[in-house]
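# Structural features, examined
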Amino acid sequence: MDNVSISKANSLYWLGRYTERAYKLAHILTEYYDKMVDDDENAYKGFCENLGIEIKAQNKDAFLKELIADKDCPASIASSLSKAYDNSIILRGQIDTESVAYIQLAYNNVTRLFKDKCRIYDLQSVVDNLMSFWGAVDDYIIEDDIRDTIKAGKYMERLDLFCRFDREMYKIAGCQRRLGRYVAHLDTEKRCTELESLFCYDSLPDTEKIAACVGRLFES
């Protein structure tokens, strides 16, 4: 990471993590909402257990509103988007304004669409905004170090969520391979040499150890 400072690299990494967290949680919440409607109205409790959180909500509608639009709930989509936007403002010299705008659009849509009503299908506009953000990252960011640091955050977050929600092993393995490629490119000082040994392809990996290893890239 010769082209960005350690502090900016850390912000890029967490921009990737928070944006991916919002994006994937939108999909997972939709999945759990379907479970609550079709099968088990208390399925949201399993969602909270997987994330390791406690919430105030006692029914599916309150659960959705809290996990989507309550900025004061650390696990909410609104909270993740707010943190992603804060990081993007710091990075205006490293990422283009269009990428920043898509994050702001996503946050504005969350706060606007879920202010009074809680309709799960309204999340689609937020998902579309975030897909546009990732497209802008690929299309407009020329510097490999900058783009790959954001992508390292993306796949670290995706790996963590896939493990928490017991996704298929081929998806978890794919996340590890992509994360490994981005880290290998960024790790010019060989701070993460043991990363490959932490990966598991036939059982769930220890994501806390993997995250700690990747985090050493951004230590001064």
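Calculation criteria
- Residues numbered from 1 in each chain as written.
- Predicted model: local features only at pLDDT ≥ 70, side-chain atom pairs only at ≥ 80, totals over all residues.
- Heavy atoms only, no water.
- Patch = residues over 30% accessible without salt bridge, like charges linked within 9 Å, V, L, I, M, F, W, Y side chains within 5 Å.
- Areas by Shrake-Rupley, 256 points an atom, 1.4 Å probe, with all protein chains shown as cover.
- Salt bridge = Lys/Arg side-chain N within 4 Å of Asp/Glu carboxyl O.
- Lys, Arg positive; Asp, Glu negative; His and termini not counted.
- Charge placed at Lys NZ, Arg CZ, Asp CG, Glu CD.
- Helix = DSSP H or I, 4+ residues; strand = E, 2+ residues; numbered from the N terminus.
- Buried < 20%, exposed > 50% of the residue type's maximum accessible area, 1.4 Å probe, protein only.
- Disulfide = S-S within 2.5 Å.
- Phe/Tyr/Trp six-rings, centres within 6.5 Å; stacked < 30°, edge-to-face > 60°.
- Lys NZ or Arg CZ within 6 Å of the ring centre and 35° of its normal.
- Core = buried A, V, L, I, M, F, W, Y, C linked by side-chain atoms within 4.5 Å.
- Contact = heavy atoms within 4.5 Å.

### Section: a negative patch on the surface
Residues Asp34, Asp38, Asp39, Asp40 and Glu41 make up a contiguous surface patch of negative charge. Structurally, Asp40 is set in the loop between α1 (6–38) and α2 (44–51).

### Thoughts on unusual backbone geometry
If you check the backbone angles, Asp166 has positive phi at about 55 degrees while not being a glycine. Checked against the element boundaries, Asp166 lands in the loop between α7 (144–164) and α8 (169–186). Its relative accessible area of 61% is what places Asp166 among the exposed residues.

### A closer look at the state of the cysteines
What the rule picks out here adds up to zero disulfides. In this structure Cys73 is not part of a disulfide, and its nearest cysteine sulfur, from Cys48, lies 8.1 Å away. Under the relative-accessibility criterion, Cys73 is labelled buried at 7%. Note on Cys200: no disulfide assigned, nearest cysteine sulfur contributed by Cys163 at a separation of 9.1 Å. What makes Cys200 partly exposed here is its relative accessible area of 25%.

### A look at the packing of aromatic side chains
Inspection of every chain in the model, using the stated rule, returns eleven aromatic pairs. Ring centres 5.5 Å apart and planes at 75 degrees place the aromatic pair Tyr32 and Phe47 in the edge-to-face group. Placement of the pair is Tyr32 in helix α1 and Phe47 in helix α2, with a sequence separation of 15 residues. Per residue, the accessibility class of Tyr32 equals that of Phe47, and both read buried. Of the aromatic side chains, those joined through ring pairs into one cluster are Tyr32, Tyr44, Phe47, Phe63 and Phe165. The ring of Tyr32 has Lys35 lying over it, and the distance from NZ or CZ to the ring centre is 4.4 Å. Lying over the aromatic face of Trp134, Lys154 brings its terminal NZ or CZ to 4.4 Å of the ring centre.

### Topic: the nonpolar core
In this structure, Ile95, Ile150, Leu179 and Val214 are the most contacted members of the largest nonpolar core, which totals 39 residues. For this core, the secondary structure elements donating two or more residues are α1, α5 (97–113), α6 (123–140), α7, α8 and α10 (207–215). No other element matches α7, which puts eight residues into this core. In this structure, Leu179 is in contact with Ala152, Tyr155, Met156, Leu159, Phe199, Ile210 and Val214, ignoring residues within four places of it in sequence.

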